[in-house]
Amino acid sequence: MKFETKAIHVGEEPNLKPGGSGDVAQPIHLATTFAREKVDHPTGGYEYIRSGNPTRNALEKRFAALESAEYGLAFTSGLAAETTLFLSLLQSGDHVVAFDDLYGGSRRLLDRVFQKNFSVSVSFVDARNPLNVKNAIRPETRLIWLETPTNPLMKLCDIRAISDIARESKIPVTVDNTFMSSYFQNPLPLGADIVFHSTTKYMNGHSDSLGGAVMLNDDSLYQKIKFTQNAAGAVLSPFDSYLVLRGLKTLAVRMKQHQENSIQIAEFLNDHPGVRQVNYPGLSSHPQHQLARTQMSGFGGMLSFELDGDIDRAKKFVESTRYFALAESLGGVESLIEVPSLMTHSSVSPEDRRNIGLSDSLIRLSVGIENAADLIEDLERAFKKI
Ligand SMILES: *Cc1c(COP(=O)(O)O)cnc(C)c1O
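Cut-offs applied
- Residues numbered from 1 in each chain as written.
- Predicted model: local features only at pLDDT ≥ 70, side-chain atom pairs only at ≥ 80, totals over all residues.
- Heavy atoms only, no water.
- Helix = DSSP H or I, 4+ residues; strand = E, 2+ residues; numbered from the N terminus.
- Rg over C-alpha atoms; globule rule 2.2 N^0.38 Å.
- Buried < 20%, exposed > 50% of the residue type's maximum accessible area, 1.4 Å probe, protein only.
- Contact = heavy atoms within 4.5 Å.
- Areas by Shrake-Rupley, 256 points an atom, 1.4 Å probe, with all protein chains shown as cover.
- Lys, Arg positive; Asp, Glu negative; His and termini not counted.
- Charge placed at Lys NZ, Arg CZ, Asp CG, Glu CD.
- Phe/Tyr/Trp six-rings, centres within 6.5 Å; stacked < 30°, edge-to-face > 60°.
- Lys NZ or Arg CZ within 6 Å of the ring centre and 35° of its normal.
- Near = heavy atom within 4 Å.
- Polar contact = N/O pair within 3.5 Å; in protein donor to acceptor, adjacent residues only side chain to side chain.
- Nonpolar A, V, L, I, M, F, W, Y, C, P; charged D, E, K, R; others polar.

### Brief notes about the overall build of the protein
Here comes step 1: Helix and strand content of the protein: 14 helices and twelve strands.
Here comes step 2: In terms of overall size, the protein behaves like a compact globule, its C-alpha atoms giving a radius of gyration of 21 Å where 386 residues would be expected to give roughly 21 Å.
Here comes step 3: Seen through its principal axes, the protein has C-alpha atoms that stretch 75 × 50 × 35 Å.
Here comes step 4: Residues classed as buried in the protein amount to 56% of the 386 residues present.
Here comes step 5: Considering only contacts in the protein between residues 6 or more positions apart, those separated by 24 or more positions represent 71%.
Here comes step 6: Of the roughly 16,600 Å² of accessible surface on the protein, a fraction of 50% belongs to carbon and sulfur atoms.
Here comes step 7: Mean positive and mean negative side-chain charge positions of the protein (40 and 46 charges, respectively) differ by 2 Å.

The following block contains the structure:
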């Protein structure tokens, strides 16, 4: 099966056996416990909702299929998935190497929970150069945490080169694949060990469900994470599992439209005299455009840009659009606009923001799937206002 077909059928094969209902959409199974005939083994394979639920398990099967993985796991949020991964793979005294330009919440979890409370040390490095990752590895390094492209500066790291380095020391590499979704980038075939998504974004795609996904091939890693998923309990609810199963059916068509609109908007901004710089991996002016072309099968729907002006102009700009809603988050069908330094990245210290090159006046767009001409007209309106 090709991607588009898997996204619709895997996990939702109609049950045509005698007594099966033939539903073409997976029912929402709400039962918290499952009856059995004999004490020794559960009759239908299910015991208690936290350990297994038919709607969630259908979604987990779909997750695995979309990343060409053996296993998939669904969690109640992206950060709950990350917490479960860290609890499964790390002990106090262990060390993590992470990209210095991570999603703010991932950095906060590593820095202010695991580093502070559990004595896990973390080196944040500029992973655009794989040698920086190599040089940060210590004997006690147990995890490499990457995000590509990053939020909001759209920096890339070379998944294959870093995975080759990590393999020598047998350190698992995890890639946060939220920005590209499973449609435009698949880290496992490039050598990564674990893929992570905040499904709150593109995977669900409709800004109405919080969730996280983990996909992987290694059986012993899977058993560890599966154990912690049940032991710590941050599992995705049946209703949210249904929403993500439904959202994923249109992932391919959504991503194509997100990208088509983004290319037009990136070019419009790039040519605009009121814009100093546009960060979009699809532009040939992006410093890692070549890596983007080889590592990803598209460039996605996220971009950021620098206005010619200060933070007050940026604030006025984002308050002047009509179709781009002024809001955090990303990856939904509707377009969003924000100022990272004041909104999504306000938890990152001014010093850390300066170090990664995130200016106070940078504007981030999550380009939706509305009509591109309408979206460009909306941005024109904001330029006129300022
Ligand atoms: C949103 C996001 C997360 C965190 O996921 P939640 O679902 O909000 O918990 C992690 N990484 C990236 C890149 C994100 O955009």
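### Considering the packing of aromatic side chains
Aromatic ring pairs are reported here in terms of the distance separating the ring centres and the angle at which the planes meet.
Here comes step 1: Under the counting rule described, the total for this entry stands at 13 aromatic pairs.
Here comes step 2: With a centroid separation of 5.3 Å and an interplanar angle of 70°, the aromatic rings of Phe-86 and Trp-145 are classed as edge-to-face. Highlighted residues: Phe-86 in helix α3 (residues 78–89) and Trp-145 in strand β4 (residues 141–147), separated in sequence by 59 residues. Exposure class is identical for Phe-86 and Trp-145. Each is buried.
Here comes step 3: An aromatic cluster is present here, built from Phe-86, Phe-114, Phe-118, Trp-145 and Phe-196 joined pairwise through their rings.
Here comes step 4: One residue, Arg-107, lies across the ring of Phe-124, its end atom 4.1 Å from the ring centre.
Here comes step 5: Sitting above the plane of the Tyr-323 ring, Arg-381 keeps its charged end 5.8 Å from the centroid.

### Considering the site of the ligand
Here comes step 1: Contacts to the ligand come from 15 residues, most closely from Leu-79, Asp-176, Ser-198, Thr-200 and Lys-201.
Here comes step 2: Between the ligand and Asp-176 there is a distance of 2.7 Å, counted from a nitrogen atom to a side-chain nitrogen or oxygen.
Here comes step 3: Surface burial for the ligand is 94%, taken as the share of its 380 Å² of free accessible area covered by protein chains.
Here comes step 4: No other element matches α3, which puts three residues into the shell around the ligand.
Here comes step 5: In terms of residue class, the shell around the ligand is built from five nonpolar, six polar and four charged.

### With respect to the environment of Gly-331
Here comes step 1: In this structure, Gly-331 sits in the loop between β10 (325–326) and β11 (336–338).
Here comes step 2: Among the residues examined, Gly-331 registers a relative accessible area of 0% and is labelled buried.
Here comes step 3: In this structure the C-alpha to C-alpha distance between Gly-331 and Phe-299, which are 32 residues apart in sequence, comes to 13 Å.
Here comes step 4: Setting aside anything within four residues of it in sequence, one finds Gly-331 in contact with Lys-201, Tyr-202, Gly-205, Arg-254, His-258 and Ser-366.

Distances and angles like these do not, on their own, reveal function.
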